[in-house]
Amino acid sequence: MSMSTSALFARHALLPEGWRADVLLEWDERGDLSSVRPGADALAGVEKADYVLPGMINLHSHAFQRAMAGLAERAGSSEDSFWTWRELMYRFAGRITPEQMEAVAAQLQVECLRHGYTAICEFHYVQRDPGGALYANPAETALRIAAAARRSGIGLTLLPVMYGYAGFGEQPLKPGQQRFRTDPELVLRIVEALEAQRGPQLEVGAAPHSLRAASAGQLRELVAGLPAGRPLHIHIAEQQLEVQQCLEVLGARPVDYLMERVEVDGRWCLVHATHLSDGEVAALAASGAVAGLCPTTEANLGDGLFPLAPYLAAGGVFGIGSDSHVSQSPVEELRWLEYGQRLARRQRNIAVDDACRDVGTYLWRQALRGGAQTSGRAVGRLAAGRRADLLVLDGAHPNLDGLDTGEVLGRFLFCGNDNLVRDVLAGGRWVVRDGRHVDQDAVARRYTQAVRALRAM
Ligand code: ZN
């Protein structure tokens, strides 16, 4: 009997109800799980795995920034190093071609898959040409991100960004921001142009960039024009200065302001909800929206710490993203999410609740929940009808050998830096085998060529 390519037998798998033994997972040609059966018999010819997890959702990405990750780590003349980073980012954003964007995105997505992300939400704001004109097809660069995802195999939520202003109070865009210039009408046109690509591996939503870049009127117009139920993401309260200016110019804190102007519900993701008042913590948690946390980027940019403990106590939902791509690993995001809280509170084991006292298990499952919700796609659970997105951990690695299932995620998230993700299935396709992406070398070649050219421009 030949090895079945559409089934996997997991000695242990993390199902919605918890770890279960002897789980037979099967998927169909569309890439959806058709059956997930614990307590099954190991059939001859079906591949076996030790520990199987649902793949993680990366809820916030600006793919092109992968090309500059790690290159802004020199002190500039300004005290605020955020601005030196943004200068470099604008330089890359101002030059990058659609072909280069596709090459960089593919590399990023391959790296994300290799580390355990099987889905990504692309907050896509470089949409015009370097001169600030529209491409013949205004969805040109968005389609490049989609093409990269088809190549890498990662599930994609594509979020064309509405970017109208340089700052609070409708300040005109600066020269370095002309490639980002959009209004609700143009974003909805781009969304429309992407409709034909929608399917189980690709969802399309929209993203007002921030309250700095979108007026209240534009917010309402965009929300009203987007087809019902589609994901909406926004950068909300990343820097203290941003909160201060929002208060001064708009007369309210960012989350309060947003919630007063549009109905913030479960289809919203508030990215970098870093600086919240107690009232905003409660309101955001009660809204059912997802707090989009990007701990390595927020640390890298010196943003601050999200009030995780009160937010979780209020029943808030969160997910994780790699944003500027200083890390491509969900392990590192979740580790630093927890470590930041421990350092600030001088306590241990923050991210738990009464039902789950294991930090690793709690973090993985909660980030799956929030990420899945805000992706708008049927992901995040090993259950029939969901995408066949899963990770096989390397059960032979010394870190995992002989563990009880309750210990696996603690080891996975909090021990060492070896990548324990051995194989990755995304949309029913084995895209990573033995730690290597199936198209890894070709993708890396195109990436290095693109970045060399980009840096020489
Ligand atoms: Zn961002």
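All values reported here derive from a predicted model rather than from experimental measurement.

What follows is about the overall build of the protein. The number of helices and strands found in the protein is 14 helices and 17 strands. For a compact globule of 457 residues, the expected C-alpha radius of gyration is about 23 Å, and the protein comes in at 21 Å, within 12% of that figure. Along the first, second and third principal axes, the C-alpha set of the protein runs to 65 × 45 × 45 Å. Across the 457 residues in the protein, those meeting the buried criterion constitute 60%. Excluding contacts between residues fewer than 6 apart, the proportion of contacts in the protein whose partners are at least 24 apart in sequence is 73%.

Protein coordination at the zinc ion: the donors are His60 (NE2), His62 (NE2), His235 (NE2) and Asp323 (OD), at 2.1 to 2.8 Å from the metal. Coordination at the zinc ion comes from four donor atoms whose angles at the metal span 80 to 175°, giving a geometry best classed as irregular.

What the eight strands build is an open sheet, ordered β3-β2-β1-β4-β14-β15-β16-β17; its pairing is mixed. The sheet is open, and its two edges are formed by β3 (33-37) and β17 (436-437), each paired on a single side. Relative to strand β14 (residues 390-393), strand β4 (residues 48-54) is paired through four bridges, and the arrangement is antiparallel. Paired with Val52 across the strands is Val392, a residue of β14.

With that settled, the discussion passes to the domain arrangement of the protein. Each assigned domain of the protein is listed with its residue range as follows: domain 1 (7-54 + 383-440) and domain 2 (56-375). Once you take the C-alpha centre of each, domain 1 and domain 2 turn out to be 28 Å apart. At the junction of the two partners, domain 1 supplies 34 residues and domain 2 supplies 26 residues. Of the roughly 2,400 Å² buried between domain 1 and domain 2 on both sides combined, carbon and sulfur atoms contribute 56%. Ranking the residues of domain 1 by area buried against domain 2 places Leu413, Phe414 and His437 at the top, with a combined share of 25%. Put simply, domain 1 and domain 2 have one salt bridge between them. Between Arg151 and Asp439 there is a salt bridge whose closest N-O contact spans 2.7 Å. Taken together, the connections running from domain 1 to domain 2 amount to eleven residue pairs in polar contact (both at pLDDT 80 or more).

Rules and cut-offs
- Residues numbered from 1 in each chain as written.
- Predicted model: local features only at pLDDT ≥ 70, side-chain atom pairs only at ≥ 80, totals over all residues.
- Heavy atoms only, no water.
- Helix = DSSP H or I, 4+ residues; strand = E, 2+ residues; numbered from the N terminus.
- Rg over C-alpha atoms; globule rule 2.2 N^0.38 Å.
- Buried < 20%, exposed > 50% of the residue type's maximum accessible area, 1.4 Å probe, protein only.
- Contact = heavy atoms within 4.5 Å.
- Donors = N, O, S within 2.8 Å, 3.2 Å for Na, K, Ca; no water.
- Tetrahedral: all angles 85-135°; square planar, octahedral: opposite > 155°, others 65-115°.
- Pairing = 2+ DSSP bridges.
- Domains from an automatic or database assignment.
- Buried area = accessible area lost by both parts, 1.4 Å probe.
- Salt bridge = Lys/Arg side-chain N within 4 Å of Asp/Glu carboxyl O.
- Polar contact = N/O pair within 3.5 Å; in protein donor to acceptor, adjacent residues only side chain to side chain.

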